[in-house]
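Here is what each chain is made of, one letter per residue.
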Protein chains: 2
Amino acid sequence: MARQERAIRTRRAILEGAARMFNELGYEASTIGMLIERVQLTRGGLYFHFTSKEQLARAVLDEAVTREGVVPQALKMQEWVDLALLLAYRVPREPVLSASIQLSVDPKARSLFGTRWPDWMAVSTQLLTEAKERGELHFHIEPAQVARLVVGAWTGVQLVTVTLPEGNLSEEVSALFALLLPSIVPPEVLAKLDTSPYRAEHLLAAARSADAPPVPVAPS
Amino acid sequence: MARQERAIRTRRAILEGAARMFNELGYEASTIGMLIERVQLTRGGLYFHFTSKEQLARAVLDEAVTREGVVPQALKMQEWVDLALLLAYRVPREPVLSASIQLSVDPKARSLFGTRWPDWMAVSTQLLTEAKERGELHFHIEPAQVARLVVGAWTGVQLVTVTLPEGNLSEEVSALFALLLPSIVPPEVLAKLDTSPYRAEHLLAAARSADAPPVPVAPS
């Protein structure tokens with residue numbers, strides 16, 4: 001393995017280790033010392049990539065807003081639904097994504113780094129605005145308001161689902177959208193939307209297939 | 001002021017001080033020492049009421065599930081809506097209630113004390129089940145599923161709204177219910193439901209008026 005590739009994998013392993021630590025302990029209780037034990041590196045080995053807990057948290061948040069797996073659809077609203085379903089599939093499987101939520105609900109981390117919710121709201125507002133221009137929304141729907149509410153609702157469903165013994169985030173988000181969509185889109189659009197909890201897995205597999213770069217990079 | 005009444009007020013002031021501290025710093029960074037400074041008591045004065053941070057957190061969570069202000073309505077679904085609107089009005093004004101949410105999204109606190117979400121789901125499921133028996137829900141609605149989703153969605157909207165410069169939780173929750181309700185209740189029920197963001201203030205004022213006991217009841 002080339003030196004640069006090894007460095008990339010090590011950095012990834014550190015970041016995922018930090019994300020798991022933030023998820024389990026919270027930001028305040030997490031320390032670089034604990035992370036060194038978890039990823040089995042020397043202090044120097046870790047410091048080559050990250051020199052502080054703050055830097056690790058920022059790197060986690062840098063990756064939080066991702067549209068990976070979303071591809072153009074006949075209906076813009078399908079892309080909006082896909083974004084939510086893809087996140088629901090990925091968050092339980094990718095500690096960096098779940099840690100970005102954990103950092104956003106931590107008062108200390110939030111005071112230092114803010115959250116990525118405004119960015120999610122912007123992405124969602126843009127998709128909804130395009131959908132509205134194409135006539136896919138009820139005429140009275142305000143994209144920014146729906147974006148704000150759905151970013152909140154999605155986040156809360158994730159936070160609660162993780163505490164439920166049999167909680168399945170894909171199924172919960174699919175059910176949430178089944179409740180919300182009739183108020184957002186007219187029946188003829190609703191009839192064409194696929195909100196299946198199994199949709200995201202296929203979209204992601206397609207995006208990550210041979211011709212696409214492998215994501216997330218496997219830890220070394 | 002009678003000795004017992006003074007003790008009740010002191011205990012309340014300590015609990016609210018602790019709640020504000022948990023909200024601002026998170027559970028892990030909070031300490032009894034800081035709380036003593038904040039509430040301007042001696043260590044002995046505080047220890048008379050609470051002997052540990054754990055005990056304070058438990059006392060906060062003990063008060064989390066409250067139906068104060070909800071009164072019988074012609075439609076059970078109005079009581080369900082009222083519960084959500086009352087909480088939306090109270091949480092930004094009552095630090096003990098917002099702290100219970102903060103403790104529920106804190107990994108350390110959650111590992112020690114759990115959350116009150118199962119209790120909220122039970123309260124919500126019961127109201128929805130009664131509403132369903134009265135024919136107020138679409139026939140395909142599963143009360144437990146909707147209760148679970150709405151506890152999550154409500155919580156996430158609260159967590160996101162608190163970070164927005166002009167965020168108004170009553171308005172956000174009212175808008176969330178306006179989106180959700182058409183999928184839950186038939187049109188003839190929907191037409192009779194009041195989801196106004198101003199409703200809770202009146203309900204609460206009525207519950208707290210002269211002839212009602214002052215609530216929240218101060219614990220001894």
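Residues numbered from 1 in each chain as written. Chains lettered and ligands numbered in written order. Predicted model: local features only at pLDDT ≥ 70, side-chain atom pairs only at ≥ 80, totals over all residues. Heavy atoms only, no water.

Engineer: Quick rundown of the overall build of chain A? Include the residues and the values.
Structural biologist: Across its full length, chain A holds 12 helices and 0 strands. Starting at the N terminus, the α and β elements of chain A follow one another as α-α-α-α-α-α-α-α-α-α-α-α. Here chain A has a C-alpha radius of gyration of 19 Å; the compact-globule value for 220 residues is 17 Å, and the two agree. Along the first, second and third principal axes, the C-alpha atoms of chain A reach 60 × 40 × 35 Å. (Helix = DSSP H or I, 4+ residues; strand = E, 2+ residues; numbered from the N terminus. Rg over C-alpha atoms; globule rule 2.2 N^0.38 Å.)

Engineer: Please set out the relation of the copies chain A and chain B residue by residue, giving values where relevant.
Structural biologist: Least-squares fitting of chain A to chain B yields an RMSD of 0.0 Å, with the superposition described by an axial translation of 0.0 Å and a rotation of 180°. With respect to symmetry, the two chain copies, as superposed, fit the operation of a two-fold axis. In this assembly the copies share their binding face: 100% of the residues contributing to the interface of chain A also contribute to that of chain B. (Least-squares fit on C-alpha atoms with pLDDT ≥ 70 in both. Contact = heavy atoms within 4.5 Å.)

Engineer: I'd like a description of the domain arrangement of chain A, backed by residues and values.
Structural biologist: Residues and elements named next belong to chain A. Split into domains, chain A comes out as domain 1 (3-62) and domain 2 (76-207). The straight-line distance from the C-alpha centre of domain 1 to that of domain 2 is 28 Å. On the domain 2 side, the residues contacting the 15 residues of domain 1 number 15 residues. Across the domain 1/domain 2 interface, buried area totals approximately 1,400 Å², and carbon plus sulfur atoms make up 69% of it. When the area that domain 1 buries against domain 2 is broken down by residue, the three leading residues are Asn 23, Tyr 27 and Leu 61, summing to 46%. (Domains from an automatic or database assignment. Buried area = accessible area lost by both parts, 1.4 Å probe.)

Engineer: Before we move on, could you go through the interface of chain A and chain B and cite the residues and values that matter?
Structural biologist: In this assembly, 39 residues from chain A lie in contact with 39 residues from chain B. Here chain A and chain B share an interface that buries about 3,000 Å² over both sides, 73% of which is from carbon and sulfur atoms. For the pair chain A and chain B, the interface holds 2 salt bridges. Note that Glu 172 of chain A and Arg 148 of chain B form a salt bridge whose closest N and O atoms lie 2.8 Å from each other. Taken together, the links from chain A to chain B amount to 6 residue pairs in polar contact (both at pLDDT 80 or more). Classifying every residue of the side of chain A that touches chain B by side-chain character gives 23 nonpolar, 9 polar and 7 charged. (Salt bridge = Lys/Arg side-chain N within 4 Å of Asp/Glu carboxyl O. Polar contact = N/O pair within 3.5 Å; in protein donor to acceptor, adjacent residues only side chain to side chain. Nonpolar A, V, L, I, M, F, W, Y, C, P; charged D, E, K, R; others polar.)

Engineer: Give a description of the UniProt feature "DNA-binding region" (unreviewed entry) in chain A that names residues and reports values.
Structural biologist: What UniProt calls "DNA-binding region" (unreviewed entry) maps, in this numbering, to residues 31-50 of chain A. Taken as a whole, residues 31-50 of chain A contains 65% helix and 0% strand, while its terminal C-alpha atoms sit 12 Å from one another. (UniProt positions renumbered as here; feature names shortened; annotations may be inferred.)

Engineer: Could you give me a rundown of the packing of aromatic side chains, with the residues and numbers involved?
Structural biologist: Applying the stated criterion to the full structure yields 6 aromatic pairs over all chains. With a centroid separation of 5.6 Å and an interplanar angle of 45°, the aromatic rings of Phe 22 of chain B and Tyr 27 of chain B are classed as tilted. Grouping residues by exposure puts Phe 22 of chain B and Tyr 27 of chain B together as buried. Here a set of aromatic residues connected by ring pairs shows up, and it is made of Phe 22, Tyr 27 and Phe 113 of chain A. (Phe/Tyr/Trp six-rings, centres within 6.5 Å; stacked < 30°, edge-to-face > 60°. Buried < 20%, exposed > 50% of the residue type's maximum accessible area, 1.4 Å probe, protein only.)

Engineer: So what about unusual backbone geometry? Which residues, and what values?
Structural biologist: Unlike most non-glycine residues, Gln 40 of chain A shows phi in positive territory, near 55°. As for its placement among the helices and strands, Gln 40 of chain A is situated in the loop between helix 2 (32-39) and helix 3 (43-47).

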